[in-house]
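# Analysis of the macromolecular model
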Amino acid sequence: MAAKATLKFGGQEIELGVEEGTEGEKAIDISGLRAQTGLITLDPGFANTGSCKSAITFIDGEKGILKYRGIPIEELAEKASFLETAYLLIYGRLPNKPELDSYVDEVTCHTMVHENIRRFYDGFPKKAHPMAVSAAVIGALATFYPDRQDPSGRRDAEGSIVRLLAKFPTIAANSYKYSIGQPFVYPKNRLNYCSNFLQMMFANPCAEYEPDPVVAKALDLLLILHADHEQNCSTSTVRLVGSSLSNLFASISAGISALWGSLHGGANQKVIEMLESIRDGEGSAAAFVEKSKKGDDTTRLMGFGHRVYKNYDPRARIIKKSCHQVLERLGIHSKLLEIATNLEEIVLNDDYFVQRNLYPNVDFYSGIIYQAIGIPKNMFTVLFAMGRLPGWVAHWMEMHEDPQFRIGRPRQIYTGEINKKFIPIDQR
Ligand code: CMC
């Protein structure tokens with residue numbers, strides 16, 4: 001017999017079902033609670049709320065485990081490519097060789113954007129943040145593919161998914177080129193996903209750019225590590241927006257906007273800014289750590305802490321190792337890496353951080369790699385979005401195929417005034 005939980009309230013005893021996941025996590029099903037008792041549950045920040053059942057990604061935050069479709073992240077980081085990982089997340093299984101080849105071909109042949117899209121950029125101020133530009137342009141793709149927007153039709157959605165994966169690097173690179181006043185560079189379909197992105201970022205009509213395979217591989221690894229992270233803020237946003245039957249482009253655009261914030265994907269840019277301010281003498285690493293303990297959100301130690309991980313983020317461990325390898329291969333001595341390593345050592349021995357289980361997260365070391373390969377700071381979060389795209393898409397698809405699918409609509413406890421009188425404007 002399935003397990004039950006009992007809730008006692010107001011002389012009533014209510015039995016609630018208990019759901020169990022394949023990795024043994026348990027959840028009390030409160031979906032019928034209000035109908036039975038008039039009570040809702042209150043959980044600010046959704047820290048204890050399961051919003052759905054999902055077969056995509058598993059995290060054990062206490063043990064520092066992350067798996068996509070059951071495969072440990074360490075194994076994917078070592079053996080898979082980003083598009084192979086995207087296929088795994090979206091279709092639920094690893095592709096065989098012909099499947100992967102044809103998927104890569106399909107993505108590759110859609111890398112160009114409509115010429116009218118290229119004209120959008122002229123309307124943005126030069127200093128526009130590429131995250132704002134990317135969110136706007138991705139949302140605008142809905143105007144170009146209006147016949148591919150029915151969330152219930154997998155075929156239609158698949159056409160949109162391939163276009164998103166293919167065009168995101170082009171849209172992202174264009175936003176950078178626009179900000180520095182250089183002409184856009186067309187994609188080159190002889191190159192792989194990351195090499196193509198790099199050439200669109202760094203080539204110009206006067207100078208060819210031959211992407212370094214080491215750099216392209218490092219970027220591919222970063223995209224894999226960012227590809228999904230179950231019900232984080234941006235993924236939950238994509239699900240929530242998509243749950244109203246909004247189209248895929250609108251849902252992904254909302255996800256990009258959610259990711260931008262500095263408590264989420266925007267932290268990677270903030271980490272480098274923090275390390276640079278330490279390097280530039282605006283305070284020592286130790287002083288920065290002390291300041292971040294004052295409980296003020298604006299002076300948090302960026303790149304540390306996580307809602308789910310109460311242990312070392314497994315992605316941070318892989319990125320830290322890759323960071324050392326990439327810098328060594330490129331012959332770069334990074335003062336920022338030195339500061340980061342020093343900062344990590346201080347933090348891991350500081351009672352405040354130890355008691356709160358605050359460890360480096362995915363954003364702590366990634367910016368040092370981006371910087372070493374020449375990516376400007378304001379593009380870091382765009383790269384996070386590029387990596388997270390397959391995860392967003394996989395969740396959007398899974399949600400629409402879920403037999404329990406309903407529009408997402410949380411409740412609240414009202415704490416405002418009751419029966420206040422309307423005062424005419426001339427008497428206020
Ligand atoms: N520096 C200093 N104190 C911190 C930090 C930090 N980075 N993170 C958490 N704390 C403290 C916080 O002040 C609180 O202390 P107290 O219990 O005394 O009030 C305690 O630790 C718990 O923090 P919380 O805010 O309740 O935790 P949360 O789960 O709501 O927030 C977080 C998680 C990631 C937003 C937070 O750790 C943070 O702001 N980190 C810095 C920003 C960052 O690196 N974000 C990237 C997250 S990983 C990638 C991604 O999701 O995009």
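In this report, we go over the structure that sits alongside the text. Each residue is numbered by its place in its chain's sequence as written, counting from 1. It should be noted that, the model being predicted, local features are given only for residues of pLDDT at least 70 and side-chain atom pairs only at 80 or more, the latter also being counted only at that level, while totals for whole chains, interfaces and linings use all residues. Note: side-chain values were computed over all heavy atoms of the structure, leaving out hydrogens and water.

## Describing the packing of helix α13 (residues 285-292) against helix α15 (residues 335-348)
To define axes, lines are fitted to C-alpha atoms, for helices over the stretch in contact only, and angles between the resulting N-to-C directions are given on a 0 to 180 degree scale. Put simply, DSSP H or I for four residues or longer makes a helix, DSSP E for two residues or longer makes a strand, and each gets a number counted from the N terminus. Where α13 contacts α15, the two axes come as close as 10 Å, and the packing angle between them is 45 degrees. Comparing the axis directions of α13 and α15 gives the class oblique. The interaxial crossing formed by α13 with α15 has right-handed handedness. Counted together, Ala285, Ala286 and Val289 of α13 and Asn342, Leu343, Ile346 and Val347 of α15 form the full contact between these two elements. Working rule for angles: under 35 degrees goes down as roughly parallel, over 145 as roughly antiparallel, 65 to 115 as roughly perpendicular, anything else as oblique. Two helices cross in a left-handed way if the nearer one is turned anticlockwise from the farther one by less than a right angle. They cross in a right-handed way if the turn is clockwise. We call two residues in contact whenever any of their non-hydrogen atoms come within 4.5 Å of each other.

## Remarks on the environment of tyrosine 414
The residue tyrosine 414 is located in the segment after α18 (380-401) in this model. Put simply, tyrosine 414 and glutamate 25 are 389 residues apart on the chain and 32 Å apart in space, counted from C-alpha to C-alpha. Within the structure, the side chain of tyrosine 414 is placed 2.7 Å from the backbone oxygen of glutamate 417, a separation counted as a polar contact. N or O atoms closer than or at 3.5 Å make up a polar contact, with two conditions inside protein: a donor-capable atom paired with an acceptor-capable one, and, for residues adjacent in sequence, both atoms drawn from side chains.

## Remarks on the side chain of threonine 170
Tracing the backbone shows threonine 170 in helix α7 (residues 154-179). Burial classes: relative accessible area under 20% of the type maximum marks a residue as buried, over 50% as exposed, and values in between as partly exposed (1.4 Å probe, protein chains only). We classify threonine 170 as buried; its relative accessible area is 2%. In this view, threonine 170 contacts Thr111, Val113, Pro187 and Met200; residues no more than four positions away in its chain are not counted.

## A short note on the packing of aromatic side chains
Between 30 and 60 degrees the pair is tilted, below 30 it is stacked and above 60 it is edge-to-face, where a pair is any two Phe, Tyr or Trp rings, Trp via its six-membered ring, whose centres lie within 6.5 Å. Under the criterion given, the structure shown has 16 aromatic pairs. Look at phenylalanine 82 and tyrosine 193: their rings are 5.4 Å apart centre to centre, the planes differ by 45 degrees, and that puts the pair in the tilted class. With phenylalanine 82 in helix α3 (residues 82-91) and tyrosine 193 in helix α8 (residues 193-202), this residue pair connects regions lying 111 residues apart in the sequence. On the basis of relative accessible area, phenylalanine 82 is assigned to the buried category, the value being 0%. For the pair tyrosine 312 and tyrosine 359, a centre-to-centre distance of 6.3 Å together with 50 degrees between the ring planes defines the contact as tilted.

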